[in-house]
Amino acid sequence: MSDSSPVRPAGAPVLDVWCELQCPDCRGALDDLRALRARYGDRLELRLRHFPLEKHKHAFAAAQAVEEAFEQGQGWAYVEAVLGRVEELDRRGEALLVEVARELGLDAEEFDTALIDGRHILIVDADQAEGKAIGVTGTPTYVIGGERLDGGKSQEGLRERVEEIADRLLADSRG
């Protein structure tokens with residue numbers, strides 16, 4: 001996943017967040033993700049990974065739209081904006097995805113074109129395949145330091161567990 005954020009220090013731990021934008025549980029995880037970004041800044045690389053679930057008919061298009069948002073430099077803002085409107089996405093689908101892009105000042109026409117031409121499908125497919133290969137079954141699921149933490153059933157204590165692992169990895173990298 002490309003993000004226009006600054007270059008991360010070599011060896012920064014990576015937190016992969018397997019997510020989909022039509023998932024109410026992923027919306028619930030936003031506060032944890034904000035807190036992790038605030039606590040670690042560029043010392044922890046937060047990567048959004050796509051895992052659209054079949055039960056959510058607009059999740060695959062939303063994943064493609066997120067890739068376009070990252071390409072236009074507003075990936076996380078877009079993720080937060082769409083997750084904040086999960087129910088509306090369920091009702092309105094792609095029209096909402098383009099509307100959110102416009103609201104964020106992104107090139108909405110380019111979003112529309114990207115959804116039509118499928119330029120980001122391979123990234124979404126690759127993420128989904130990798131997720132399945134490592135045992136992701138629902139969203140959100142976190143992977144850090146080789147550990148998979150499933151937030152789809154309960155997010156209770158997950159941020160604390162991610163922080164424990166991140167702190168250990170950061171301490172180990174300092175030698």
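How each quantity is defined
Residues numbered from 1 in each chain as written. Predicted model: local features only at pLDDT ≥ 70, side-chain atom pairs only at ≥ 80, totals over all residues. Heavy atoms only, no water. Phe/Tyr/Trp six-rings, centres within 6.5 Å; stacked < 30°, edge-to-face > 60°. Buried < 20%, exposed > 50% of the residue type's maximum accessible area, 1.4 Å probe, protein only. Helix = DSSP H or I, 4+ residues; strand = E, 2+ residues; numbered from the N terminus. Expected span 1.5 Å × (residues − 1). Arc of directions from axis to C-beta. Contact = heavy atoms within 4.5 Å. 1 Å grid on protein atoms, 1.4 Å probe; cavity = no way out; pocket = protein on both sides within 12 Å on 5 of 7 lines; lining within 4 Å. Points joined across faces, edges and corners; volume = space filled by probe spheres on them.

(A) Inspection of the packing of aromatic side chains at higher detail. Summed over the entire model, instances satisfying the criterion amount to two aromatic pairs. On the basis of an interplanar angle of 85° and a centroid distance of 6.0 Å, the ring pair of phenylalanine 70 and tryptophan 76 is categorised as edge-to-face. The same class applies to phenylalanine 70 as to tryptophan 76, namely buried.

(B) Quick peek at helix α7 (residues 121–133). In this model, α7 (13 residues) spans 18 Å end to end at C-alpha, consistent with the 18 Å of a helix rising 1.5 Å per residue. Taken together, the buried positions of α7 are Val124, Asp127, Gln128 and Gly131. All buried residues of α7 lie within an arc of 95° about the axis, which places them on one face of the element. Residues of α7 that are exposed and point more than 90 degrees away from the buried face comprise Leu122 and Ala133. Contact partners of the buried residues in α7: β1 (14–19), β2 (45–50) and α2 (59–71). Two residues or fewer after α7 comes glycine 135, characterised by a positive phi angle close to 95°.

(C) Expanded view of empty space enclosed by the protein. Evaluation of the coordinates by the stated rule reveals one cavity of 30 Å³ or more. The space that makes up the largest cavity amounts to roughly 50 Å³. Lining the largest cavity are Cys19, Glu20, Leu21, Leu48, His50, Phe51, Pro52, Ala59, Ala63 and Val66. Breaking the lining of the largest cavity down by element, the ones donating at least two residues are β2 and α2.

(D) Geometry of α2. Taking 1.5 Å of rise per residue, 13 residues should cover 18 Å, and α2 covers 19 Å from first to last C-alpha, within 8% of that figure. Among the 13 residues that make up α2, 11 are buried, leaving the element largely enclosed by the rest of the structure. Inspection of α2 places Ala59, Ala61, Ala62, Ala63, Gln64, Ala65, Val66, Glu67, Glu68, Ala69 and Phe70 among the buried residues, and these make up the whole buried set. Of the surrounding secondary structure, the elements contacted by the buried residues of α2 are β2, α3 (75–83), α4 (86–92), α5 (94–103), α6 (108–117) and α7. With its phi angle positive at about 85°, glycine 73 sits one or two positions after the end of α2.

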